[in-house]
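# What the coordinates show
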Amino acid sequence: MANDFSKKAELYTQKLDELAEQASVTSDLDGQNSDMVRDAGSAGTIYLPKMTIDGLGDYSRETGFPTGDISIDWEPYKLRYDRGKAFEVDDMDNAETLEVVTLNMFGKFVRDKVVPEMDAVRLSTYASNAGTTVAANVTAEKDALKAVLAAEAAIEDVASIDGAILYMTSAFKGLLKVAVPWRFGAGEDPDARFETFDGMRVRTVPSSRFKTSFTLGADGFAATKKADSDQTHVTGKASTDAVAINFLLLKPEAVCQIKKTEKMRYFAPDVNQDKDAHKWQYRLYHDAWVLSEKKPLIYAHVAAAGA
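My aim in this report is to walk through the structure given alongside it, one point at a time. (Residues numbered from 1 in each chain as written. Predicted model: local features only at pLDDT ≥ 70, side-chain atom pairs only at ≥ 80, totals over all residues. Heavy atoms only, no water.)

### Side note on the packing of aromatic side chains
- In total, this model carries eleven aromatic pairs according to the counting rule given.
- Site record: aromatic cluster; members linked through ring pairs are Phe 87, Phe 106, Phe 109, Tyr 266, Trp 280 and Tyr 282.
- The ring of Phe 194 has Lys 173 sitting right over it, with the charged end atom 5.1 Å from the ring centre. (Phe/Tyr/Trp six-rings, centres within 6.5 Å; stacked < 30°, edge-to-face > 60°. Lys NZ or Arg CZ within 6 Å of the ring centre and 35° of its normal.)

See the structure below:
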């Protein structure tokens, strides 16, 4: 049984990866700018390019083309999040339930623990490095609509809105639903759901993952409080309490998120020296960044402090 179970470890890992991709609201950004990542050769550091290029100059019929300059600076980025957890399932519990215990355990672990923390880290990083940040409390439908239109205009002032993703809480999305008139035909069931807004993809984010800063500890993550300022795993400024993010509008090319290591190790009961139990070890070494020259492609709308 142990050998058969060991062979299934790789299959379980693949299934959990698929589950994580489905459950994550930031999976759309996986692989973005990954082709530009350069390994620094030192532990925990990667390099991302920052490019500057000269604009057009006057062409001369005597001297020809004006000389231009292109420079690429490789900026170092440190991976901040090296997370992990080990679980054990008693051999008899696993055998008596036909492995249902293990399957349910890891499904719940990924859905309820891994994915929410990963999304929280990424979204708070993007919001805290946005080119434009507006702090205001929004309770009226018309104000919600105006806020999104203002964000759209800000992005369009520097780039095309095509491909942009609009992240928002369900509460904010509810305000937008009321603000925009809906038409229902005779005999049709009412359906106010929408997956795009002015061509922007809409992703609904659970409010627990949508704060400006998070503190990571031994048992998951939580919104940052002033008292946490001595913690080492903080995604934003620890000098103030984290505040809720109402919505976040970004162009995918502005960010980079990578998993340098995501692995699951398995030890059969006969190998486990501590218990007669199946032992699983999960490790996730990852981070997310905003490219410095592309901050204008991110617009964050957050709640006013103290709200």
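### Quick look at the side chain of Asp 91
- If you trace the backbone, Asp 91 turns up in helix H3 (residues 91-96).
- In this structure the side chain of Asp 91 is engaged in a polar contact, spanning 2.9 Å, whose partner is the side chain of His 278.
- Leaving out residues up to four positions away in the same chain, Asp 91 has contacts with Pro 269, Asp 276, Ala 277 and His 278. (Helix = DSSP H or I, 4+ residues; strand = E, 2+ residues; numbered from the N terminus. Polar contact = N/O pair within 3.5 Å; in protein donor to acceptor, adjacent residues only side chain to side chain. Contact = heavy atoms within 4.5 Å.)

### Considering a negative patch on the surface
- Together, Asp 90, Asp 93, Asp 270 and Asp 276 line one region of the surface with negative charge.
- Examined against the element boundaries, Asp 276 turns out to sit in the loop between strand E12 (255-267) and strand E13 (277-290).
- Since its relative accessible area comes to 45%, Asp 276 is described here as partly exposed. (Patch = residues over 30% accessible without salt bridge, like charges linked within 9 Å, V, L, I, M, F, W, Y side chains within 5 Å. Areas by Shrake-Rupley, 256 points an atom, 1.4 Å probe, with all protein chains shown as cover. Salt bridge = Lys/Arg side-chain N within 4 Å of Asp/Glu carboxyl O. Lys, Arg positive; Asp, Glu negative; His and termini not counted. Charge placed at Lys NZ, Arg CZ, Asp CG, Glu CD. Buried < 20%, exposed > 50% of the residue type's maximum accessible area, 1.4 Å probe, protein only.)

### Observations concerning the sheet that holds strand E1 (residues 38-39)
- One open sheet holds the three strands; their spatial order is E1-E2-E3, and the pairing between them is antiparallel. Looking at the sheet topology across the chains shown, the edges are occupied by E1 and strand E3 (70-78).
- Direction of pairing for strand E2 (residues 45-53) relative to E3: antiparallel, over a ladder of nine bridges. Within E3, the position partnered with Ile 53 by the bridge is Ile 70. (Pairing = 2+ DSSP bridges.)

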